[in-house]
Amino acid sequence: MRTSAMMFLFGVLAGVFCGPATAHSPYFSQSETISAEQHQTVTLKLLNGDGIFFTDPMRAVVVDQNGALLAASPLSEALRIYCEKGGVARQCLVYDNLTRTVYQPVEDEWRNHGPIEKDGKPQQYPEDMTSDFGFAGRAATLGETIRFEIAGLATSWMTTGIALAWWMSFWLLLLPASRYVLGPDRRLTIGRIVVLMVQTVGALLMIPIATYAWLLAPYSVIYLAFVVTGGAMIAHLLTRWRKTLTA
């Protein structure tokens, strides 16, 4: 397991520091049809720009059936659309995972700002927009924060699984050294000291990599606490299970 963790670590290092950074066109990452009283067909979308070395900046935008821009939220780095299920009038909210801000479309403030997409593809970067309009922002309630965070965990289950495996590997590398520091249970040897140092260095290297991964795809403090704590619990259970087998 330790060997696999180290191979995984070096693979991530190679991908992060050797992979080329290339510019790309704007794109939509999420699209939801919403109800409107004064417009026939309206879509709420997440417009992503080009962050190159870091996360792609994004805005929530409202687009009509002709591809015209009706509303744009403030620029952000981590937005997600959540819609109410059921009902004739479909309502959706936009949640900022970093600031825990909710943006709600306000139809009375929508204005036609010309075409923003052609054949379903965006023609403008969100960072090039000079202002935001057509959305009302407010702090998310405690209930909304819990509901949106749980929904985010469910929809990004694959990413969450990778994050749990990452932090599990981190704790598996770090736990042996911490046990010796806090309460050695057997005599240290030169070979054992070297192994502990390598494991500790490997664990510490995972922190800047995880930091850069966060800069590429930011997530909330609540999500971070969940995967770090969850990884620690899994590592602890695996360690106890391995001790039981070898006892």
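So, here's what we can say about the structure. (Residues numbered from 1 in each chain as written. Predicted model: local features only at pLDDT ≥ 70, side-chain atom pairs only at ≥ 80, totals over all residues. Heavy atoms only, no water.)

**Observations concerning the environment of Y95**
Right, so step 1: In this fold, Y95 is placed in strand β6 (residues 92-96).
Right, so step 2: Excluding residues that lie within four positions of it along the chain, Y95 makes contacts with A78, L79, R80, Y82, R100, T101, V102, A140, T145, F148 and E149.
Right, so step 3: Within the local environment of Y95, its side chain forms a polar contact with the side chain of E149, the two groups lying 3.4 Å apart. (Helix = DSSP H or I, 4+ residues; strand = E, 2+ residues; numbered from the N terminus. Contact = heavy atoms within 4.5 Å. Polar contact = N/O pair within 3.5 Å; in protein donor to acceptor, adjacent residues only side chain to side chain.)

**Considering the state of the cysteines**
Right, so step 1: Within this structure, the stated rule accounts for one disulfide.
Right, so step 2: The disulfide bridge from C83 ends at C92, spanning 2.0 Å between sulfur atoms. Handedness here is read from the sign of the S-S torsion; for C83 and C92, about 100 degrees, the answer is right-handed.
Right, so step 3: Here C92 falls in the buried class, since its relative accessible area comes to 3%. (Disulfide = S-S within 2.5 Å. Buried < 20%, exposed > 50% of the residue type's maximum accessible area, 1.4 Å probe, protein only.)

**Re the packing of aromatic side chains**
Right, so step 1: Under the definition given, this model contains seven aromatic pairs.
Right, so step 2: With a centroid separation of 6.4 Å and an interplanar angle of 65 degrees, the aromatic rings of F54 and Y212 are classed as edge-to-face. With a gap of 158 residues between them, F54 in the loop between β2 (42-48) and β3 (58-64) and Y212 in helix α4 (residues 190-216) connect regions that are remote in the sequence.
Right, so step 3: We classify F54 as partly exposed; its relative accessible area is 45%.
Right, so step 4: Residue classification places Y212 among the partly exposed positions, given a relative accessible area of 23%.
Right, so step 5: For the ring pair F170 and W171, a centre distance of 5.1 Å and an interplane angle of 80 degrees mean the geometry is edge-to-face. (Phe/Tyr/Trp six-rings, centres within 6.5 Å; stacked < 30°, edge-to-face > 60°.)

**A word on the pattern of salt bridges**
Right, so step 1: Under the counting rule described, the total for this entry stands at two salt bridges.
Right, so step 2: With a shortest N-O distance of 2.7 Å, K45 and E117 are connected by a salt bridge. Linking K45 in strand β2 with E117 in strand β8 (residues 117-118), this pair joins segments that are 72 residues apart in sequence.
Right, so step 3: The class of E117 is buried, set by a relative accessible area of 18%. (Salt bridge = Lys/Arg side-chain N within 4 Å of Asp/Glu carboxyl O.)

All we've got here are geometric facts, nothing functional implied.
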